[in-house]
Amino acid sequence: MTNNSRQNSHKVYQRAQQLMPGGVNSAARAFGAVGGEPIVFEKGEGAYLQDIDGNRYIDYIGSWGPMILGHQFQAVKDAVHLAVERGTSFGAPTVAENQLAELIIEAVPSVEMVRLVNSGTEATMSAIRVARGFTGRDQVVKFAGNYHGHVDSLLVSAGSAAATLSVPNSPGVTEGTTRDTLVLNYNDCEQLAATFAEQGEQIAAVILEPVCGNMGCVTPTPEFLAMLRQLTEAAGSVLIFDEVMCGFRVAYSGAQSLYGVTPDMTTMGKIVGGGLPLGAFGGRRDIMQHVLPAGKVFQAGTLSGNPIATAAGIAMLTALRDSPPYDYLEQVSQQLADGLQSACRSAGIEHCLNRVGSMMTLFFQSGPVTDWDTAAKSDVARFGKYFWGMIEQGVYMPCSQFEALFVSSQHSSDDIAATIEAAQKILPELK
Ligand SMILES: *Cc1c(COP(=O)(O)O)cnc(C)c1O
């Protein structure tokens, strides 16, 4: 499905730039890293997106993660329709909130209590506040290249959108705000041990992506995860797994179930809302009891747990629990990974592919990619050409080398084969 003009997209984007900064409502959409103009979409169906010029694409972004069951998944659609019939928001408790909380707690055993919020950013922001309130300490450790949403205190060395735009420290984020944030290197056990030896008693929390997607897909070593658990426990610091991206994605019970490491708190977003704005944070009961009004750490939200997003989340998690797509996702994702690697080999292109289940990144470098410093060595100019080449072939992939692509349960083996064929065509031209 070779695509034609994107004239209508161009017109809409021209107007959008006068209406919204950069013409978008999220920096990650602006194609800043690959140059050129974003594509404007009309609809999504299963594994496909259609733009407003009528071009069709195999979609490997899936709204940046939520669409693990493809676009317009019937059970989610039905649940949203039903919920709308009863009213969109009451700002008061509903039965559905219990149902979603039960589903989350059942799915993720380390989560004993949960609070629903409206985005992943809200979830991490609140989790950090709770960890500080619980420990009475100020310092937070994060890792370079890990993104935890646009929380002021975490917007240092923040991966993807931030790294891509070369603003590791955004203007407007004060030194005071980030003074208590320590940035360490992902997978660096020595540095982690030294930091805890020196100031473990001052560290309120360590937050990380237990499978990283926001510097491209990067996996933690077992030693790194084990050391994180051991050091935080010994120092009385709260270990927070930011599973906004990898939760319900790499496994129904998240990266923590895959690696057998139990965090104190977990943040969620993306898939948990079924494509609607919903996030969640939860964890040990004794920690969560510090959240207002059970405890004193302030947290609130006018639309938190609203009936529409909650209904979508319930339908999504129920579908994932009752008909787990994970074996199928592993199979088609393996097929895609093998195909892309062999296409690179045939074309003589240096590459390194990192993958966990249906999350993966093809880095244009020989690798290995284990942290932000190694990820940053990738050939981003080559990535930009690859990205646009694939667009012309009808394949919509993340618009940055430092993002993971996502496969959904609606991607057929034929879709994967077509994607590999497109790569075989494009890659030799990038030599
Ligand atoms: C997307 C993401 C966030 C932020 O979630 P939003 O819903 O965009 O605010 C936080 N952490 C991780 C790991 C993410 O991938």
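Every value quoted in this text rests on a predicted model; they were computed, and no experiment measured them.

Looking at the site of the ligand
1) Next: Taken together, Ser119, Gly120, Thr121, Tyr147, His148, Gly149, Glu209, Asn214, Asp242, Val244, Met245 and Lys270 make up the full set of residues adjacent to the ligand.
2) Next: In the environment of the ligand, an oxygen atom lies 3.1 Å from a nitrogen or oxygen atom belonging to the side chain of Asn214.
3) Next: In this structure, an oxygen atom belonging to the ligand sits 2.6 Å away from a side-chain N or O atom of Lys270.
4) Next: Notes on the ligand: free accessible area 380 Å², of which the protein chains cover 83%.

As for the state of the cysteines
1) Next: Within this structure, the stated rule accounts for zero disulfides.
2) Next: Not part of a disulfide, Cys189 finds its nearest cysteine sulfur in Cys212, a span of 16 Å.
3) Next: The structure places no disulfide on Cys217, whose sulfur is separated from the nearest cysteine sulfur, that of Cys212, by 8.1 Å.
4) Next: According to the relative accessible area criterion, Cys217 is buried, its value standing at 0%.

Brief notes about the packing of helix α14 (residues 380–392) against helix α15 (residues 413–426)
1) Next: Close contact between α14 and α15 brings their axes to 9 Å; oriented N to C, the two are set at 125°. If you check the angle between α14 and α15, you find them oblique. Of the two possible hands of crossing, α14 and α15 adopt the one that is right-handed. Between α14 and α15, the residues in contact are Tyr386, Gly389 and Met390 and Thr419, Ala422, Ala423 and Ile426, respectively.

A closer look at the domain arrangement of the protein
1) Next: Taken domain by domain, the protein comprises domain 1 (7–60 + 325–430) and domain 2 (74–322).
2) Next: Each of domain 1 and domain 2 has a C-alpha centre, and the two are 26 Å apart.
3) Next: Opposite the 26 residues of domain 1 that make contact, domain 2 presents 29 residues.
4) Next: Interface area for domain 1 against domain 2, summed over the two sides, is near 2,000 Å², with a carbon-plus-sulfur share of 67%.
5) Next: The largest share of the area that domain 1 buries against domain 2 comes from Tyr326, Val356 and Met359, three residues that together contribute 32% of it.
6) Next: Across the domain 1-domain 2 interface, the total number found is zero salt bridges.

Points about helix α3 (residues 95–107)
1) Next: The terminal C-alpha atoms of α3, which comprises 13 residues, lie 19 Å apart, in line with the 18 Å expected from a rise of 1.5 Å per residue.
2) Next: Residues of α3 that are buried: Leu100, Ala101, Leu103, Ile104 and Ala107. The buried residues of α3 occupy an angular sector of 160° when projected down its axis, which confines them to one face. When the buried face of α3 is taken as reference, the exposed residues oriented beyond 90 degrees from it are Val95, Asn98, Glu102 and Glu106.
3) Next: Buried residues belonging to α3 abut β4 (113–117), β9 (265–268), β10 (279–283) and α11 (307–322).

Observations regarding the side chain of Ser378
1) Next: For Ser378, the position within the fold is in the loop between α13 (372–375) and α14.
2) Next: Residue class for Ser378 comes out buried when judged on its relative accessible area of 7%.
3) Next: Ignoring any residue separated from it by four or fewer positions in sequence, one finds Ser378 in contact with Phe363, Phe364, Gln365 and Gln401.

Re the confidence of the model for the protein
1) Next: Residues of the protein with pLDDT of at least 70 account for 96%, and the chain-wide mean is 95.
2) Next: With pLDDT under 50 throughout, residues 163–168 is counted as low confidence; its partners more than four residues away or in other chains account for eleven contacts.

Section: unusual backbone geometry
1) Next: Here Leu292 and Pro293 are connected by a cis peptide whose omega angle stands at 5°.
2) Next: Mapped onto the fold, Pro293 is located in the loop between α10 (285–288) and α11.
3) Next: Positioned with a positive phi, Phe31 is a non-glycine residue whose angle comes to about 60°.
4) Next: Topologically, Phe31 is positioned in the loop between α1 (7–19) and β1 (41–45).
5) Next: Phi is positive for Asn187, close to 70°, though the residue is something other than glycine.
6) Next: Along the chain, Asn187 turns up in the loop between β6 (181–184) and α7 (189–199).

Quick word on helix α2 (residues 74–84)
1) Next: All of the buried residues in α2 are Val76, Ala79, Val80 and Ala83. Considered in projection along α2, the buried side chains sweep an arc of 100° and stay on one side of the axis.
2) Next: Of the surrounding elements, those touching the buried residues of α2 are α11.

As for the environment of His150
1) Next: With respect to the helices, strands and loops of the structure, His150 is situated in the loop between β5 (139–143) and α5 (160–164).
2) Next: With 28 residues separating them along the chain, His150 and Glu122 place their C-alpha atoms 8.9 Å apart.
3) Next: Not counting the four nearest positions on each side in its chain, His150 is found in contact with Thr121 and Leu155.

Examining the environment of Val297
1) Next: Locating Val297 in the fold gives a position in the loop between α10 and α11.
2) Next: With relative accessibility at 11%, the residue Val297 sits in the buried group.
3) Next: As a C-alpha pair, Val297 and Ala343 span 46 residues in sequence and 53 Å in three-dimensional space.
4) Next: Ignoring any residue separated from it by four or fewer positions in sequence, one finds Val297 in contact with Arg129, Val130, Gly133, His290, Val291 and Leu292.

Rules used in this analysis
Residues numbered from 1 in each chain as written. Predicted model: local features only at pLDDT ≥ 70, side-chain atom pairs only at ≥ 80, totals over all residues. Heavy atoms only, no water. Near = heavy atom within 4 Å. Polar contact = N/O pair within 3.5 Å; in protein donor to acceptor, adjacent residues only side chain to side chain. Areas by Shrake-Rupley, 256 points an atom, 1.4 Å probe, with all protein chains shown as cover. Disulfide = S-S within 2.5 Å. Buried < 20%, exposed > 50% of the residue type's maximum accessible area, 1.4 Å probe, protein only. Axes fitted to C-alpha atoms, helices over the stretch in contact; angles between N-to-C directions. Helix = DSSP H or I, 4+ residues; strand = E, 2+ residues; numbered from the N terminus. Parallel < 35°, antiparallel > 145°, perpendicular 65-115°, else oblique. Left-handed = near helix turned anticlockwise from the far one by under 90°. Contact = heavy atoms within 4.5 Å. Domains from an automatic or database assignment. Buried area = accessible area lost by both parts, 1.4 Å probe. Salt bridge = Lys/Arg side-chain N within 4 Å of Asp/Glu carboxyl O. Expected span 1.5 Å × (residues − 1). Arc of directions from axis to C-beta. pLDDT = per-residue confidence, 0-100.

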